[in-house]
Structure formats: structure tokens, C-alpha cells
Amino acid sequence: MKKNKPLLPTGLSEPIGTGPKGARYLTRRGAMGLSLSALTSPALLSMPVAAQEGEGDGIGALAGELDQLHAIVVRRNGEAVFERAFAGGGLDAAANVKSVSKTLLALLTGVAIERGALAGPEVRVLSALGRPATGDARDAITVGDLLSMRTGLASTSGGAYGAWVASPDWIDHVLTRDLVARPGGRFIYSTGGWHVLGAVLARVTGRDLLSLTRDWLGDPLGIDIAPWDRDPQGNYMGGNQMALSPRALARVGEMVLAEGQWNGAQVIPASWISTSWEPRGRSQWSGDRYGYGWFLTRIGGQRAAYGRGYGGQILAVVPDVGLTIAITSDPTRPARSAGYFGDLQNLMGSIVARV
């Protein structure tokens, strides 16, 4: 693997916030398994750190305190630092990574652009979908706005999520939401925009999102991607519900740290990873910046990027120290910044400090 080079913007200074070659992965016939704050978690602060303990022993002790955590994989410069399943299906069983799906979809968008299926982030969404102009600001929404969650449309997440997925046409429901900001303006977290992006990729390539994900990400990395939810029109959901094993998720992170390469093949354009890590918005909850599918923060004092999913699903990469952290958790329980997700941030900070 080529030496890791820092790709995150050097100006990012906000204090807030892959598996072995012989590893077994869930086959396609298998079943799909259903920002940085100070170290203030009482559970983590109470853990003694013995000077003589190994990295893995210390990580295991800290992680074991978190009853919501299912599995964690930590890899540095291509080598395993720590791997353990505390609950769930294990290290090689597919787990629902929830909104980490957004990070994966952002990577696929870079491939679509590199292959010429999509001209670039500046492409207008309605035109790409073959929909007529609306005569208002919706006409200006671009693929880049979808990637950075700055469409200006009212959110379809949180309290609005249920009505969205119960609607007869998910894409139409998203695109007819009220305009509450200008496109390209403020960050508005919304899974619906990612579903629209998935539909754009499917339309411009003439292929469904599952086959694209398997061909452009799963096959080059040697990981299998199980089918996931579809909308009433048959479009695979964009931005949620994808399933990867903890080891497979970590392998994605290692590929990203290798500037998009895996086993000598360029899986994701290196330039796209750099572009994706340019800050464009900011989360009103964590204070972290946001690029294209990645939250941008500092972990243990180091520049980092991460994808985050409901319940505590995480793919985090720390380029300057060549570190990948993949975490899966109970997908049925919330993980708020002031609660379990905050504990995970503290855990990751401790991991960075140890390695």
C-alpha cells in the first residue's frame, strides 16, 4: 500500500467535532443484518490506563464499557490494531450502517464523474432526472448541493422521516418540500436529498444503485454488498440502510487513506477524495464541518473525516497517522452528540492518543 498522504484541508482547526486478506465476508446470498468534544464521559474517564498495557487491551477495556456498541475495527497503515465484536453478528456479518451510506454514496458519485457518466458536482438535479423546470430556486439545485446537504429544501429526516418513507413517491416528496433556504446556502441534514442523488446516479448510468455499488466499490475491494431497501418505484434507497460488515467498512476506510487505491487499482479518484474533504457546511448539532458525505473534525488532536449513522455507526479516517476506525452499534437506539455518540467520540480520541 502506498504511503498515506494528508488529504484533509490544513486550515481545518475546529476542536469540535481494513480487514485481513483472508477475512471472510458475507456473500450476496447471505442475509443482510438488520464531533470531537473533550473527554468528559464518566465511563471513559473512570477507566485506568496502565502504562504497561497493550494498545488492544486498552481499547477493548474502553469499548467494553459501552453497552450499545456491537463491534469495532481499528487499523493503522494496513495492519490490524484491534478487532472485536461485543454483540451483533460479529466482525464478518453485514450490519446496517444507516447514514454511513451517505459517505459510500459520495464515493460512488466521484466514480460516476471520473467515468464521464456525470459531468461534475455543478450538474443541475432536475435536468439530470429529466424533470421539468419549476420556475423557482429548485431549478438551481446541483449535485454538489445534494452531496453537501445544502439544497435549501426542508428536511426529510428526524420528525419528517416517517412521512417521507410513507409517501407514494419518495423523489417527488423530496423535491416538492418547501424551500427554507437558498440552494448552496446553509447545511440542512436530510436523507431525502441523498435518495435523489442515488436516483441521479442510476439514471445517468442506466444501472440500479445496488449494481453500481457492487461493481464500483464491492468488487474492487473484495467485499460483498447485500441488497437493501427500495422506494415504491424500485429505486434503491440513497443515503441509508446499506449493510457492510465491520471489517468491510474498515476496508473502505483503508482504501480512502490510500488515496483511493486498493491492490494496485484506483477504486476512487484521489482528487475526488480531496474534493470531498473540502468544508462546505457545518452541523448545527456537533459543530463539525461537512464536505461531500464526510463530517470534518479533529480526533485526538488530529485532522479527521468521518461518516456517521443512526445508533452509532461510524467510519472514521485519520490521515496523518494512517488510522481507520469502523464502529457498528445497535441500530435501534439513538446516539446523540451529548450521549452515546459523544462516548464514541471520546473512545476514538483515546484510540488516536494510544496509537
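Residues numbered from 1 in each chain as written. Predicted model: local features only at pLDDT ≥ 70, side-chain atom pairs only at ≥ 80, totals over all residues. Heavy atoms only, no water.

### Things to note about the overall build of the protein chain
Cut-off, in case you're wondering: Runs of H or I in DSSP of at least four residues are treated as helices and runs of E of at least two as strands, each being numbered from the N terminus. Classification of residues uses two cut-offs on accessible area relative to the type maximum, computed with a 1.4 Å probe and protein chains only: under 20% is buried, over 50% is exposed, and between them is partly exposed. Computed by Shrake-Rupley with a 1.4 Å probe, the accessible areas treat only the displayed protein chains as cover when residues are assessed.
Helices and strands together make up the secondary structure of the protein chain, namely 12 helices and 12 strands. Counting only residues that meet the buried cut, the protein chain has 59% of its 355 residues in that class. When the accessible surface of the protein chain is summed, it comes to about 13,500 Å², and 50% of that surface belongs to carbon and sulfur atoms.

### Examining the sheet that holds strand β7 (residues 281-282)
Selection criterion: A pair of strands is treated as paired once DSSP finds two or more bridges between them. By the convention used here, residues are in contact when the closest approach between their heavy atoms is within 4.5 Å. What counts as an axis is a line fitted to C-alpha atoms, over the stretch in contact for a helix, and the angles between N-to-C directions run from 0 to 180 degrees.
The eight strands lie next to each other as β2-β1-β12-β11-β10-β9-β8-β7, forming an open sheet whose pairing is antiparallel. With partners counted over all chains shown, the strands left at the sheet margins are β2 (79-85) and β7, one partner each. Here helix α10 (residues 246-257) sits on the sheet and contacts β1 (69-76), β2, β11 (313-318) and β12 (323-329); the angle it forms with β12, its principal contact strand, is near 150°.

### Observations regarding the packing of aromatic side chains
This is how the line gets drawn: Geometry of aromatic contacts follows a simple scheme: Phe, Tyr and Trp rings, the Trp one being its six-membered ring, pair when their centres are within 6.5 Å, and the pair is stacked under 30 degrees between planes, edge-to-face over 60, tilted otherwise.
Inspection of every chain in the model, using the stated rule, returns 10 aromatic pairs. Judged by centre distance (5.7 Å) and plane angle (90°), the rings of Trp 277 and Trp 294 are edge-to-face. Highlighted residues: Trp 277 in the loop between α11 (270-276) and β7 and Trp 294 in the loop between β8 (289-290) and β9 (295-299), separated in sequence by 17 residues. Judged on exposure class, the residue Trp 277 and its partner Trp 294 are both buried.

### Section: the pairing of β2
The two faces of the sheet receive side chains in turn, since in a regular strand these alternate between them. As judged from the six bridges shared by β1 and β2, these two strands associate in the antiparallel manner. Residue Ile 72 lies in a different strand from β2, and its bridge partner there is Arg 84. Hairpin connection, β1 to β2: the antiparallel pair is bridged by two residues, and Asn 77 has positive phi, about 50°.

### A word on the nonpolar core
One recurring pattern in soluble globular proteins: nonpolar side chains tend to sit buried together. We apply this condition: Put simply, buried Ala, Val, Leu, Ile, Met, Phe, Trp, Tyr and Cys residues joined by side-chain atoms within 4.5 Å make one nonpolar core.
Membership of the largest hydrophobic core comes to 101 residues, with the highest contact counts inside it found for Ile 72 and Met 255. The biggest single contributor to this core is helix α3 (residues 100-114), with nine residues. The contacts of Ile 72, once residues within four sequence positions are left out, are Ala 63, Phe 82, Glu 83, Arg 84, Phe 86, Leu 91, Ile 325, Ala 326, Ile 327, Leu 347 and Ile 351.

### Some thoughts on the packing of α3 against α10
For clarity, the threshold we go by: Comment on the angle field: the value is read as roughly parallel under 35 degrees, roughly antiparallel over 145, roughly perpendicular from 65 to 115, and oblique elsewhere. Each crossing gets its hand from how the near helix is turned against the far one by less than a right angle, where anticlockwise is left-handed and clockwise is right-handed. The classification used treats Ala, Val, Leu, Ile, Met, Phe, Trp, Tyr, Cys and Pro as nonpolar, Asp, Glu, Lys and Arg as charged, and all other residues, Gly among them, as polar.
Two elements in contact, α3 and α10, have axes separated by 12 Å at closest approach and are oriented at 40°. It follows from the interaxial angle that α3 and α10 lie oblique. The two elements α3 and α10 cross, and the hand of that crossing is left-handed. Contacts between α3 and α10 involve Val 100, Leu 104 and Leu 107 on the former and, on the latter, Leu 249, Val 252, Met 255 and Val 256. Of the residues assigned to the contact of α3 with α10, the class counts are seven nonpolar, no polar and no charged.

### What to know about helix α8 (residues 191-205)
Put simply, the test is: Here, expected helix span is obtained from the residue count minus one, scaled by 1.5 Å.
Compared with an ideal rise of 1.5 Å per residue, which puts 15 residues at 21 Å, α8 spans 22 Å between its outermost C-alpha atoms and is within 8% of the ideal. Within α8, 12 of the 15 residues are buried, which leaves the element mostly enclosed by the surrounding structure. Burial in α8 covers these residues: Thr 191, Gly 192, Gly 193, Trp 194, His 195, Val 196, Leu 197, Gly 198, Ala 199, Val 200, Leu 201 and Ala 202.

### Let's talk about the pattern of salt bridges
Note the cut-off: Here, a salt bridge means any Lys or Arg side-chain nitrogen found within 4 Å of an Asp or Glu carboxyl oxygen.
Under the counting rule described, the total for this entry stands at nine salt bridges. When the shortest N-O distance is used, the salt bridge between Arg 333 and Asp 67 registers 3.6 Å. Linking Arg 333 in the loop between β12 and α12 (340-354) with Asp 67 in the loop between α2 (55-63) and β1, this pair joins segments that are 266 residues apart in sequence. Between Glu 83 and Arg 247 there is a salt bridge, with the nearest N and O atoms lying 3.0 Å from each other. Here Arg 247 lies in helix α10 and Glu 83 lies in strand β2, a separation of 164 residues in the sequence. Residue class for Glu 83 comes out partly exposed when judged on its relative accessible area of 23%. Sharing partners across several salt bridges, the network here consists of Glu 83, Asp 92 and Arg 247.

### Digging into the pairing of β12
Of all the seven residues making up β12, seven are buried; the element is thus mostly covered by neighbouring parts of the structure. Side chains Leu 323, Ile 325, Ile 327 and Ser 329 of β12 all project onto a buried face; the interleaved residues Thr 324, Ala 326 and Thr 328 project onto the opposite face, where all are buried too. The sheet contact formed by β11 and β12 spans five bridges and is antiparallel. Looking across to β12, one finds that Ala 316 is bridged to Ile 325. Taking the residues between adjacent antiparallel strands as the criterion, β11 and β12 are bridged by four residues, where Gly 322 takes a positive phi near 60°.

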